[in-house]
Amino acid sequence: MTPVFAGDPIYPAFMIPDSLKSNAHVVKRLEEVSVKINDPGDVRITTHYVLTVMDAEGERYARVVEWYDKLRDVRSIKGTLYDALGLPIKKLKQSDIQDKSGVGGESLMTDDRYKEHAFYYNVYPHTVEYEIEVKYNHSFYLPFWVPQEAAAFSVQQSKMTVTAPKDYVLRYRNLNYQGEPVITKDGSNSVYTWEVKNLSAVSEEPYAPRWYKRTTTVMLAPANFEMQQYKGSMNTWEEFGRFMYALNQGRDQLPDAVKQTVHQLTDGLPREEKISKLYKYLQQHTRYVSIQLGIGGWQTFDANYVATKGYGDCKALSNYMCALLKEAGIKASCVLVYAGDENKDVTDAGFPSNRFNHVIVCVPGTKDSTWLECTSNINAGGYLGSFTTDRPVLLIDENGGKLVRTPVYTMVQNQQIRQINATIGETGDMVIKVNTHYTGLQQDDLHARINMLTKEKILERQKMAGYFSSYDVNRYECKEMKESLPAIDEQLEISAHNYASVTGKRMFLEPNLLTKTGRRLSADTARKSDIYLDDVYRDVDTVKITIPDGYTPEMVPQPVSLKSMFGTYTSKVTVEGNVVTYTRSIDHNGGSFPASAYPELEKFYNGMYKADRARLVLVKK
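Here is what the cut-offs are and how they apply
Residues numbered from 1 in each chain as written. Predicted model: local features only at pLDDT ≥ 70, side-chain atom pairs only at ≥ 80, totals over all residues. Heavy atoms only, no water. Helix = DSSP H or I, 4+ residues; strand = E, 2+ residues; numbered from the N terminus. Contact = heavy atoms within 4.5 Å. Areas by Shrake-Rupley, 256 points an atom, 1.4 Å probe, with all protein chains shown as cover. Lys, Arg positive; Asp, Glu negative; His and termini not counted. Charge placed at Lys NZ, Arg CZ, Asp CG, Glu CD. Pairing = 2+ DSSP bridges. Axes fitted to C-alpha atoms, helices over the stretch in contact; angles between N-to-C directions. Phe/Tyr/Trp six-rings, centres within 6.5 Å; stacked < 30°, edge-to-face > 60°. Buried < 20%, exposed > 50% of the residue type's maximum accessible area, 1.4 Å probe, protein only. Lys NZ or Arg CZ within 6 Å of the ring centre and 35° of its normal. Core = buried A, V, L, I, M, F, W, Y, C linked by side-chain atoms within 4.5 Å.

Some points on the overall build of the protein
A count of helical and extended segments in the protein gives 9 helices and 39 strands. For the protein, the spread of C-alpha atoms along the principal axes amounts to about 95 × 75 × 45 Å. Restricting the contact set of the protein to residue pairs at least 6 apart, pairs at least 24 apart contribute 72%. Of the roughly 29,000 Å² of accessible surface on the protein, a fraction of 48% belongs to carbon and sulfur atoms. Charge separation in the protein, taken as the distance between the mean sites of 74 positive and 76 negative side-chain charges, equals 1 Å.

What follows is the structure, given as structure tokens:
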């Protein structure tokens, strides 16, 4: 369908039903997505849509960003801007489309580019209409259909049709879609149609699963595919892995000099020491650079290239690490993963498809496997961190692909143990000495900072961290223990100004100095989404505060003990002589919980929030 660029009003905003305006920053009036699979190496996608932008918050959905490279070609972009009455204001000119490089800071070679356009109109409501045609020069991956793009986004009508030769096996997964697609015949083709109407915007809900799991989503994947003359199948994870193995087979040949180095480093050592030695060698002699050229986004540069150049992308460095281990007599495999701190559930174990963006290495062992992040020059060997932990991944070897799971770090492994000694003066000023021991995922952020920033920058950040309303950082030191479960010891000395409030004979202070729960939850009796908590951890604080002579407790907070399916929390304050002792501990559970448990989550989190801010009142004799 070609957009209409003149004539009578066709998209007046006042025609939008009130039910679709409520809570909506943008309303999708119409969408027609047409996917035409001509053959495994030629897929055409035409998307025609009309959006009414209700306010400035909805403006981000009104711009077009289309990526292209050797595998994906943007054939055309057409568009029109309409006013609130649905009258055309402006037609997109091809000279208005910006063509930009997709090269990032760590990319050395990439053919990624993107076309971008926006009308930049700020009178609301207004409407934009676009028609975009894209060609995939492969069928290695196919588009997703997610008509409702966000919670504050309503949909009047959206439809996706997929046309393919009748003997083409189209695989799909419906999420939150009633029924199955309508399948019809069109000559020698089969046509699959999905359609939704009148999807109202919904309220944002804290701690909800990923959006695509909460709204109507249709995932597409091929049975058989083609990519730059390479053919494969994706009916099972085993078949997909077999394709990836064949694509990279024979690219693990090392130069003779590197082979000699491997033996010099490892001959005669136990297996675990060999792995450690070679991982450190990789970290010391290579660096990560993104290289994405056509099929090179999936096919690695060979081991000789990495050895010669001293750099590579994730798959090249992982392939090189496997080659080093192979020379030392240790079998290892490259592993496809969808990486990202919040991306644990992107890969659908029950739907084999190309849902990966990163490569790591697994070294299988008789009891436990060793996992290696080969793009990092600072990670401890055998430790993955939040970027790739606890998710399904595809291990690839000569037998094909096998879906396994990366390590899950437990509460006992993710700890923050804090000892604080503080002294308060008569004016309420306080000197605080803090020793904190972080392990596992709790040390990830600090590990990144101390390895990527100068000491001056780290100190600057500590001064801006907002520990107290007014304070100085007198001393800051860190010591890392780079083991398979890494740990960091942190020492911090702070002078806090007027921390305790002094009024007449009374002194008011919060004995919980540094570890406070930061979020209060509002009541929500209409909660729809399941609850998803990503963090599993243990925090234990022991605080000893020396108060000025002559003060005695007038009001001491009562001990608090909270227990729920989400974890346990305790806090307690005691005063002996001129020493206040405060203890606090939380064991925080993660995972998925039913929406009906939200009132319990609200009670647990708000109970912690209140207890963390309880005040001690002291009075001077």
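So, the sheet that holds strand S6 (residues 98-101)
Spatially, 3 strands are ordered S3-S8-S6 in an open sheet, and the strand pairing comes out antiparallel. With partners counted over all chains shown, the strands left at the sheet margins are strand S3 (64-68) and S6, one partner each. Direction aside, the axes of adjacent strands within the sheet are offset by 25° on average. Both S3 and strand S8 (residues 113-117) contribute to a ladder of 5 bridges, which runs antiparallel.

Observations regarding the environment of Met160
Among the structural elements, Met160 can be located in strand S11 (residues 153-165). For Met160, the contacting residues outside a window of four places in its chain are Val33, Trp145, Tyr192, Thr193, Trp194, Val218 and Leu220.

Some words on the packing of aromatic side chains
If you walk through the whole model with that rule in mind, you get 27 aromatic pairs. Ring geometry for Trp237 and Phe240: centres 6.4 Å apart, planes at 35°, overall tilted. With Trp237 and Phe240 both in helix H2 (residues 237-248) and 3 residues apart, this pair spans about one turn of that helix. Of the residues examined, Trp237 reaches a relative accessible area of 9% and is grouped as buried. On the accessibility criterion, Phe240 (0% relative accessible area) is buried. Grouped by ring-pair contacts, the aromatic residues Phe140, Phe225, Trp237, Phe240, Phe243, Trp298 and Phe356 constitute a single cluster. A cation sits over an aromatic face here: Arg171 above Phe351, 4.9 Å from the ring centre. Between the NZ or CZ atom of Arg519 and the centre of the ring of Tyr207, over which it lies, the distance is 5.1 Å.

Some words on the nonpolar core
Side chains of nonpolar character tend, in soluble globular proteins, to be buried together. In this structure, Met430, Ile432, Phe468, Leu509, Leu513 and Ile545 are the most contacted members of the largest nonpolar core, which totals 46 residues. Top element by residues in this core is helix H9 (residues 598-612). It accounts for 6 residues. If we skip the residues at most four places from it in the chain, Ile432 touches Ile420, Asn421, Ala422, Phe468, Leu492, Glu493, Ile494, Ala496 and Leu513. By size, the runner-up hydrophobic cluster in this structure holds 41 residues, among which are Val26, Ile45, Phe119 and Leu220.

What to know about the side chain of Asn248
Its location among the elements puts Asn248 in helix H2. For Asn248, the contacting residues outside a window of four places in its chain are Trp298, Gln299 and Thr300.

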